[in-house]
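Remarks on the overall topology
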Amino acid sequence: MGFLVPAFLAAMAALAVPLLLHLRHRDRDKPQLFPSLMFLEKLTIRTEQRQRVSDWPLLLMRLAALALLVFAFSRPLFRSQRARAGDARSRAVVLLVDRSLSMGYEGTWARALDSARAVIATLGNNDRVAVVAYDDMAETRQRLTTDKAAAVASLASLSPRARGTRLAPALRVARQQLLDAPFAAAQIVVISDLQRAGAVGVAGVELPTGVSVRGIVVGPERWENSTVHAIDARRVVSGERTLLAVKARLQRHGGTAPQERTVRLVLNGREAATQQVTLAPTGETVVTFAPVPAPEGAVAVQLSLSPDALAADDTLVAVVPRDDDLRVTLINGGAETLFFERALDIGRAPSVQLTRDASAAAPSARTGVMVYWDAVPGSTITPWLEAGGGAVVVVGRRLGARRGSLSPLIPATVAGSADRLSDRGGTLRDVRTEHPLFAPFREVPDALGAVRLFRYARLDAASEGAVLARFDDGLPAVVERRVGQGRVLLLALPLDNNAGDFPLQPAFLPFVRQLVMHASGRDATPLWRTTGERWALSRAIASPVVEAPDGTLIRPVADSQGTAIPLTDAGVYRAYAERVGGDAVSLLAVNVPTSESVLTPMDTAELLLGVQTGANRSGRSADAPQSDEELERRQSPWRLLLLAALLLLVLETFVATRGRRGTARRIVSQARSQS
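The following paragraphs examine the structure supplied in this document.

1. Observations regarding the overall build of the protein
Each helix and strand counted, the protein has twelve helices and 37 strands in total. Looking at the protein residue by residue over its 675 residues, the buried ones come to 42%. For the protein, the accessible surface area stands at approximately 35500 Å², while carbon and sulfur atoms represent 53% of it.

Shown next as structure tokens:
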């Protein structure tokens, strides 16, 4: 027998209180005034008498009720012989050591190694231990062994890596290790800073019956961290030159006062600019660099902060794609396309090569966007769309006069046209500025609200179409549909000056250029990817050779889905054809997930929320050793003790008010003669 909260047993001292009060109680006689004592005999009498315990059964009932209450609050439990035998088994312990980027915070890694060595030191001679290192993947560094020195030696070769955190793969590897010890008392020990982001995917992991899991938190109690959160980089045209405009978004977490830091901009390995910046205690700080001359090819951009307690996240890399011309084919264009064509002619980065084609033939492989002006695309472009092409369908007067479906590729049906001349024109509402199509208007959303539209087609969006903007009467203005890797954009929004004043508004030029950029998929190409993903190389690269950020050369092997390599390190990957030399055919920037920079830990009680135990998901088996908390929770004897105490108090009340105990009486002292 044991107690879950033995400190409550100290309340047993309260049993002496009723007894002491009873024994200290005294009945005192009150003297009465009498007119004359001359005729009375003088006798010496006792006017008080110490009480003795005269009703032991009643007192014992009260003391027993109080003792039962004390035992109930102490949460007793009964350990069976089977449980004691299970506790005596040899142990099999799997150490899960977190080596993600966040473990590189000042002092954290040293505490992690010390904690791992301390766990190994507590094991007995017959106990076995395994070491598994994990970040976004898990790796067994030492299988289950009784050789404690080998386990300690496996820790020496570990160090934090520029990778994210995922606990779920590590738990699965630990499960496989414990299959080699089916009769041992199994335990998984997680040594980590226990970032909340690392628990994603833990729900649904299934562990063998009888496995206990505990976490050792080694992260800092108080922390602050600054990081380069994001990079915005784009090509701009100034006169005859193409420049690269770079904007850095810095984030700081957990600070208490402003902080001075240095930000460095490096392009293709050469330092381009340096700025001093003051970071707020928490939140985002934006640093804008002056535009610098941009190379024609792809540009590797690196932004670095001066190091802090977690230096590994103070650098972010990105790759700005090369400045190739964008080929746009215009189908069925007339005089009403004048403003549209002039908008595409203005500006570079990239330059737009516009070609007119009245035949609506299938696009070539080099065509980036097909614009169907008041025309319907044929099914012949479907393979081109699925391969990544983009089509824009502008619904004008001719298509607006139709009713019903125009083409299986178009994500809406036409239901006539709307005339808004009588109410001075309609406007745009419900514009999804978070969508890439409206990226130029995220900081000035009112720019599109000034447009007046007098006539436009009434569209009914299909289920496969996403409405990106609506008119103020609720009708769809822009609808998008994905087709394989490509997309089809349907515009009821007039792009000519006959049905509205959009071409006369300042928002027209950035909208038209972003329209063809988004349709071609260029703005969908991310500036960087994150570790743990895979890079699918272009089929146009013959016998590719990839140089990893650490200089390692990788020769990927093509399979049924093409050629792809796992992105295991942060930095810039370079792909070459056949051999390394000269300019890389393709560049890709890879960074650690930004969640690694937020060091807020989760409580150890949240560690295994959603984890299933046992093959049938029924919990712990009857033969597995159980903790005191589990035993007490299953037995719950405190409920019976409280019920017994209540029944005893009811019985005491009944006994105390019946028979001679319920009759008041006075004890008179015997007078003794003074002879």
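Read on for the rest.
2. So, the packing of helix H7 (residues 338-345) against helix H10 (residues 508-520)
The contact between H7 and H10 brings their axes to 9 Å, and the two run at 75°. With respect to each other, H7 and H10 are oriented roughly perpendicular. Contact with H7, carried on its side by Phe 339, Phe 340, Ala 343 and Leu 344, involves Phe 508, Leu 509, Val 512, Arg 513 and Val 516 of H10 and no other residues of that element. Tallied by class, residues from the contact of H7 with H10 come to eight nonpolar, no polar and one charged.

3. Some words on unusual backbone geometry
Even without being a glycine, Asp 430 presents a positive backbone phi close to 50°. Secondary-structure assignment places Asp 430 in the loop between strand E25 (428-429) and strand E26 (455-461). Residue classification places Asp 430 among the exposed residues on the basis of a relative accessible area of 57%. The phi angle at Ser 543 is positive, at roughly 45°, despite the residue not being glycine. The residue Ser 543 is located in the loop between strand E31 (534-536) and strand E32 (544-547) in this model. A residue is classified by how much of its surface remains accessible, and Ser 543, at 48% relative accessible area, is partly exposed.

4. Remarks on the side chain of Thr 145
Note that Thr 145 resides in strand E7 (residues 138-145). Using a relative accessible area of 16% as the deciding quantity, one classes Thr 145 as buried. Separated by 3.0 Å, the side chain of Thr 145 and the backbone nitrogen of Asp 147 make a polar contact. Setting aside its immediate chain neighbours within four residues, Thr 145 contacts Asp 127, Arg 128 and Val 129.

5. Considering the pairing of E7
Two strands pair when backbone bridges link them, and strand E6 (residues 128-134) and E7 are joined in this way by five bridges, in the antiparallel orientation. When the bridges of E7 are listed, Val 132 appears paired with Thr 140. Joining the antiparallel neighbours E6 and E7 is a turn of three residues.

6. Regarding the sheet that holds strand E22 (residues 390-394)
Pairing between the strands of a sheet comes from backbone hydrogen bonds, and it takes one of two forms, parallel or antiparallel. With mixed pairing, the eight strands of this open sheet are ordered in space as E20-E19-E21-E22-E29-E28-E27-E25. The two strands at the open ends of the sheet, each matched to only one other strand, are strand E20 (352-357) and E25. Note that strand E27 (residues 466-471) and strand E28 (residues 476-483) share four bridges and pair antiparallel. Within E28, the residue paired with Arg 470 across the bridge is Pro 476. Helix-sheet contacts for H7 involve strand E19 (326-331), E20 and strand E21 (369-373), and the interaxial angle to E20 is about 150°.

7. Quick notes on the nonpolar core
Of all hydrophobic cores here, the largest spans 64 residues; its most connected members are Val 392, Phe 471, Leu 495, Phe 502 and Phe 511. With seven residues, H10 is the single largest residue contributor to this core. With sequence-adjacent residues up to four places away left out, Phe 502 is seen in contact with Leu 448, Val 451, Arg 452, Leu 493, Pro 494, Leu 495, Ala 507, Phe 508 and Phe 511. Counting residues in each nonpolar core, the second largest holds 25 residues, with Ala 130, Leu 167, Ala 184 and Val 205 among its members.

8. Overview of a nonpolar patch on the surface
A contiguous nonpolar patch, built from Phe 8, Leu 69, Phe 73 and Leu 642 and spanning about 340 Å² of accessible area, is present on the exposed surface. Mapped onto the elements, Leu 69 comes out in helix H2 (residues 56-73). Under the relative-accessibility criterion, Leu 69 is labelled partly exposed at 31%.

9. Focus on the sheet that holds strand E13 (residues 259-267)
As summarised here, the arrangement of the four strands in space is E14-E13-E17-E18, forming an open sheet in which the pairing is antiparallel. Both outer strands of the open sheet, strand E14 (270-279) and strand E18 (315-320), are each paired with one neighbouring strand and no more. The mean inter-strand angle of the sheet, taken between neighbouring strand axes irrespective of direction, is 20°. Note: E13 against E14, nine bridges, orientation antiparallel. Across the sheet, Gln 259 pairs through a bridge with Leu 279, a residue of E14.

Cut-offs and rules
- Throughout, a residue's number is its position along its own chain's written sequence, starting from 1.
- Confidence filtering applies because this is a predicted model: local features only for residues at pLDDT of at least 70, side-chain atom pairs given and counted only at 80 or more, and all residues used for totals across whole chains, interfaces and linings.
- Hydrogens and water are ignored here; the side-chain numbers use all heavy atoms of the structure.
- In this text, helices come from DSSP runs of H or I with a minimum length of four residues, and strands from runs of E with a minimum of two, each type numbered from the N-terminal end.
- For every residue, the accessible area (1.4 Å probe, protein chains only) is compared with the maximum for its type, and the residue is labelled buried under 20%, exposed over 50%, or partly exposed between those bounds.
- Each accessible area is a Shrake-Rupley estimate made with a 1.4 Å probe; only the visible protein chains count as cover when residues are assessed.
- To define axes, lines are fitted to C-alpha atoms, for helices over the stretch in contact only, and angles between the resulting N-to-C directions are given on a 0 to 180 degree scale.
- In these notes the angle categories are as follows: under 35 degrees is roughly parallel, over 145 is roughly antiparallel, 65 to 115 is roughly perpendicular, and the rest is oblique.
- By definition in these notes, contact holds between two residues if any of their heavy atoms fall within 4.5 Å.
- In this classification, the charged set is Asp, Glu, Lys and Arg, the nonpolar set is Ala, Val, Leu, Ile, Met, Phe, Trp, Tyr, Cys and Pro, and all remaining amino acids, among them Gly, are polar.
- Pairs of N or O atoms within 3.5 Å make up the polar contacts considered here, provided that, within protein, one atom can donate a hydrogen while the other can accept it, and that residues adjacent in sequence are counted only when both atoms are side-chain atoms.
- Note on pairing: DSSP must find at least two bridges between two strands before they are called paired.
- What we call a nonpolar core is a set of buried Ala, Val, Leu, Ile, Met, Phe, Trp, Tyr and Cys residues that are connected through their side-chain atoms within 4.5 Å.
- Candidates for patches are residues over 30% relative accessible area with no salt bridge; among them, like charges are joined within 9 Å and nonpolar side chains (Val, Leu, Ile, Met, Phe, Trp, Tyr) within 5 Å.
- Salt bridges are defined as contacts in which a side-chain nitrogen from Lys or Arg sits within 4 Å of a carboxyl oxygen from Asp or Glu.

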